[in-house]
Amino acid sequence: MKVELIYAPGCAECITSKAGLRSAAEATLAGVEWTEINVLDALDYAVELGVLTLPALAIDGSLVFAALPTPAQLRDELLRRACHD
Amino acid sequence: MLTIGKLAAAGEISPDALRYYESEGLLVPTTRTASGYRLYGEDALRRVRFIQHAQACGFTLAEIRELLQLRQTDSACCNDVRQRAIEKRLQLAVKIRSMQSMSAALDRLIAECADGSQSVDDCPILAALEQIDGGTEPAR
């Protein structure tokens, strides 16, 4: 599963939250692909995903969290998706 | 001190717009005369210009209020402002895509109506717009 964190450079919230989110994702599912995307490098992709506020989190190419989730919310979402696969 | 008329003239804006800015919490008169007329300080014109420039970049008045508040927040930094600018840029990109899509739909309709001498009853543009499914594919 692919998890993408779309962030604006200098975003304080991202810096404080991303380590916890990444650990939660990697601990929940083996083989999670974690990517951090600077929105300024991928504006068109962010628009395609429907990102309107930052930071945001996409899973497998779909915008799932328009605002950053807690690690527990991310874990629940990953497990829900894994069960449906 | 500037009266509302003088500030309006200097900012090339109407006095009504200045009163509206006030009602939106964007520009408060420094004081009022004994008769109740608004008087503005020297920084008012700068603020009017700030509001106008931000509006020209697509920010709503509510968003401009946030930007002005950020300026007065000690813990805020330029990154906070930049994040709002990036989010506005994303919103504009979505609008541009939507308008491009509308434009393409109109192009298809215009192309379908090659014979402009047809009666209005047979107009394919009107027929397409009447389609129940809301699509803009021309009627066949």
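Quick note: structure is the one above.
Residues numbered from 1 in each chain as written. Chains lettered and ligands numbered in written order. Predicted model: local features only at pLDDT ≥ 70, side-chain atom pairs only at ≥ 80, totals over all residues.

Remarks on the overall build of chain B
The test is simple: Every helix listed is a DSSP run of H or I at least four residues long, and every strand listed is a run of E at least two residues long, numbered separately from the N terminus. Every radius of gyration here is taken over C-alpha atoms, with the globule rule written as 2.2 Å times N^0.38, N being the number of residues. Residues with at least 20 neighbouring C-beta atoms inside 10 Å of their own are called buried, those with 12 or fewer are called exposed, and the rest are partly exposed, where every C-beta is derived from the backbone. Remark: residues whose backbone-derived C-beta atoms lie within 7 Å of one another are considered to be in contact.
Each helix and strand counted, chain B has six helices and three strands in total. In terms of overall size, chain B is more extended than a compact globule, its C-alpha atoms giving a radius of gyration of 24 Å where 140 residues would be expected to give roughly 14 Å. Dimensions of chain B, computed from C-alpha atoms along their principal axes, come out at roughly 70 × 40 × 25 Å. Counting every position in chain B, which comprises 140 residues, the buried fraction comes to 12%. Restricting to contacts in chain B with at least 6 residues of sequence separation, those with at least 24 account for 44%.

Quick look at the overall build of chain A
Per the secondary structure count, chain A includes three helices and four strands. When the helices and strands of chain A are read in sequence order from the N terminus, they spell out β-α-β-α-β-β-α. Its C-alpha atoms give chain A a radius of gyration of 12 Å, within 12% of the compact-globule value 12 Å for 85 residues. Seen through its C-alpha atoms, chain A measures out along the principal axes to roughly 35 × 25 × 20 Å. In chain A, which comprises 85 residues, the proportion classed as buried is 25%. Contacts in chain A between residues at least 24 apart in sequence constitute 67% of all its contacts with a sequence separation of at least 6.

Describing the packing of helix 1 (residues 4-11) of chain B against helix 3 (residues 44-56) of chain B
Working note: a packed helix pair is described by the angle between its axes plus the distance between those axes. Residues and elements named next belong to chain B. Rules: Angles shown run from 0 to 180 degrees and are taken between the N-to-C directions of axes, each axis being a line fitted to C-alpha atoms and, for helices, limited to the stretch in contact. We call two directions roughly parallel when the angle between them is under 35 degrees, roughly antiparallel when it is over 145, roughly perpendicular when it lies between 65 and 115, and oblique otherwise. What makes a crossing left-handed is the near helix being turned counterclockwise from the far one by less than a right angle; a clockwise turn instead makes it right-handed.
Two elements in contact, helix 1 and helix 3, have axes separated by 10 Å at closest approach and are oriented at 45 degrees. In terms of orientation, helix 1 and helix 3 fall into the oblique class. Regarding helix 1 and helix 3, the two cross each other, and that crossing is right-handed. In this structure, helix 1 contributes Leu7, Ala10 and Gly11 to the contact, and helix 3 contributes Ala44, Leu45, Val48 and Arg49.

Looking at the sheet that holds strand 3 (residues 56-59) of chain A
All names here are of chain A. Put simply, the rule reads: In this scheme, strands are said to pair when DSSP sees at least two bridges between them.
The four strands are arranged 2-1-3-4 in an open sheet whose pairing can be described as mixed. Unpaired on one side and paired on the other, strand 2 (33-38) and strand 4 (62-65) mark the two borders of the sheet. Across this sheet, the average inter-strand angle for adjacent strands is 30 degrees, counted without regard to direction. Two strands pair when backbone bridges link them, and strand 1 (residues 2-7) and strand 3 are joined in this way by four bridges, in the antiparallel orientation. Considered in strand 3, the bridge of leucine 5 is made with leucine 57.

Focus on the sheet that holds strand 1 (residues 2-3) of chain B
Residues and elements named next belong to chain B. Strand order across the open sheet formed by three strands is 1-3-2, with antiparallel pairing between neighbours. Taken across any chain shown, the strands that pair with only one partner, and hence form the sheet edges, are strand 1 and strand 2 (31-32). Pairing between strand 1 and strand 3 (residues 38-40): two bridges, direction antiparallel. Paired with leucine 2 across the strands is tyrosine 40, a residue of strand 3.

Quick word on the pairing of strand 3 of chain A
Residues and elements named next belong to chain A. Sheet topology places strand 3 next to strand 4; three bridges connect them, and they run antiparallel. By the bridge assignment for strand 4, leucine 57 is matched with phenylalanine 65. Between strand 3 and strand 4, which pair antiparallel one after the other, the connecting turn spans two residues, and aspartate 60 there sits at a positive phi close to 50 degrees.

Observations regarding the nonpolar core
What counts here: Among buried residues, those of type Ala, Val, Leu, Ile, Met, Phe, Trp, Tyr and Cys that are joined through C-beta atoms within 7 Å form a set called a nonpolar core.
Of all hydrophobic cores here, the largest spans 21 residues; its most connected members are Ile6, Tyr7, Val39 and Leu54 of chain A. At the level of secondary structure, the elements contributing two or more residues to this core comprise strand 1, helix 1 (12-28), strand 3 and helix 3 (71-84) of chain A together with helix 5 (78-112) of chain B. A per-element tally of this core places strand 1 of chain A first, with four residues. Non-local contacts of leucine 54 of chain A, meaning those with residues more than four positions away in its chain, are made with Ile6, Tyr7, Ala8, Cys11 and Val39 of chain A together with Gln83, Ile86 and Glu87 of chain B.

Things to note about the interface of chain B and chain A
The figure often quoted for interface size is the accessible area lost as the parts come together. So the rule is basically this: Residues are sorted three ways: Asp, Glu, Lys and Arg are charged, Ala, Val, Leu, Ile, Met, Phe, Trp, Tyr, Cys and Pro are nonpolar, and all the rest, Gly among them, are polar.
Taken residue by residue, the interface counts ten residues in chain B and twelve residues in chain A. In the side of chain B that touches chain A, the residues fall into four nonpolar, three polar and three charged.

Comments concerning unusual backbone geometry
All names here are of chain A. Residues leucine 54 and proline 55 are joined by a peptide bond in cis, for which omega reads -5 degrees. Mapped onto the secondary structure, proline 55 falls in the loop between helix 2 (43-49) and strand 3. Phi is positive for aspartate 60, close to 50 degrees, though the residue is something other than glycine. Of note, aspartate 60 is situated in the loop between strand 3 and strand 4. Taking the C-beta count within 10 Å as the criterion, aspartate 60 has 12 such neighbours and is therefore assigned exposed.

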